[in-house]
Amino acid sequence: MSSNYWSQYWQEGRLSSFGDEPNGNYQGPTKDVWLEFFANIKADDLVLDIATGNGALIALALEAGLGDEKTKFVGVDYAKLKIQNVVLTDNPSVTFYDQTRAEQLPLEESSTSLVVSQYGLEYTDIAKTVAELRRVVRPGGRFQFICHTSDSMVLKINRDILRAARIISEPGGILETARKLVGLLDKTNNKGTPGTEKLRNKLNGLIGKQLDINERAFHSTNFPDFLSRLFGKSRPANRKDMVDQFAEENRGLIERLEDLQHAALSEQRLEALQAHLRNNHFTIQRCEPFFQRTNEVVGVLLRGEAG
Ligand SMILES: C[S@@+](CC[C@H](N)C(=O)[O-])C[C@H]1O[C@@H](n2cnc3c(N)ncnc32)[C@H](O)[C@@H]1O
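The structure presented is a predicted model; accordingly, all values stated were derived computationally and were not measured.

### Observations concerning the sheet that holds strand β6 (residues 282-291)
Okay, step 1: With respect to topology, seven strands assemble into an open sheet ordered β3-β2-β1-β4-β5-β7-β6, the strand pairing being mixed. The open sheet terminates on both sides in strands that have one partner only, identified here as β3 (94-97) and β6. For this sheet, the mean inter-axis angle between neighbouring strands, taken without regard to orientation, is 15 degrees.
Okay, step 2: Bridging between strand β1 (residues 46-50) and strand β4 (residues 112-118) involves three bridges; their strand directions are parallel. Residue pairing in the sheet places D49 in a bridge with V116 of β4.

Set out below in structure tokens:
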């Protein structure tokens, strides 16, 4: 799978992939379970975060004041990252390796004492990554992973968003109609004509249908926000470029969400992950559904130790 759409996502400067707020970090039970796991980080620990994104997990540990100046934090991700959070950028103990695969880690044998991943491990080639973790994690080293599962609430919500995003970019669909309307309005110097009215009605009809099907999912594509900027009172001069840019962003969203569907662990893949861990001398102490505040399952939590 290509890492371009993840690079695009991280270049927007976001800190986490599923934070409660656009540029915020994980909150609630997710934050709590990570702080509990990180609580007894020691000075000589090396904490490795695989598929780290813009470093959300490492930021959680540092913001909570865990570890000391000798504790090392390493984040690895195959996308191009844009690390901005000052707790990460201003700290000599933190190293990020972007454009680097978890299956081939730039770390010495038995160098790592804690390995973590939030919605990351399942995106990688699990068999290869776990074998690589066996090489870098020292005996007695601990792991905690939270992974997406196919039956989780996150997957359900994002399946609906994926459907809406695909409909927006469909040939002859919503985005194409908006593009035609922009073209005509530019030509007529924003004067309403029967042609623009016809396109406007078509666009409103197509949007109305999607709002009826799943308003929340449709809003999550950011199309309504984009549309109000596009046709807002300020009448931006570069509307064609705005449409092109949105088309690109929507393509990235579709690819990311397809990647998510593909990465999420089915029961079978979860069993395979556990088998890979055991075959590589990891002991699994916990493997349980992970719940969010609302009591909805948002993934699976695995915790254990290297033998
Ligand atoms: C859902 S994001 C999670 C990022 C971060 N852990 C977070 O919670 O914000 C999944 C990440 O996996 C990364 N990824 C996918 N395959 C990878 C691989 N083989 N090696 C390293 N990173 C990978 C993507 O680039 C993306 O940043």
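### Observations regarding the site of the ligand
Okay, step 1: Taken together, the neighbourhood of the ligand is formed by 20 residues, with W6, A51, G53, A79 and Y123 sitting nearest.
Okay, step 2: In terms of residue class, the shell around the ligand is built from nine nonpolar, eight polar and three charged.

### Here's the deal with the nonpolar core
Okay, step 1: Counting residues in each nonpolar core, the largest one holds 77 residues, and the members touching the most others are I58 and V115.
Okay, step 2: It is helix α3 (residues 56-63) that provides the largest number of residues to this core, a total of seven residues.
Okay, step 3: In this structure, this core is formed jointly by two domains, domain 1 (4-152 + 264-306) and domain 2 (154-260), each of which donates at least three residues.

The rules we used
Residues numbered from 1 in each chain as written. Predicted model: local features only at pLDDT ≥ 70, side-chain atom pairs only at ≥ 80, totals over all residues. Pairing = 2+ DSSP bridges. Helix = DSSP H or I, 4+ residues; strand = E, 2+ residues; numbered from the N terminus. Axes fitted to C-alpha atoms, helices over the stretch in contact; angles between N-to-C directions. Near = placed C-beta within 6 Å. Nonpolar A, V, L, I, M, F, W, Y, C, P; charged D, E, K, R; others polar. Core = buried A, V, L, I, M, F, W, Y, C linked by C-beta atoms within 7 Å. Buried ≥ 20, exposed ≤ 12 C-beta atoms within 10 Å, placed from the backbone. Domains from an automatic or database assignment.

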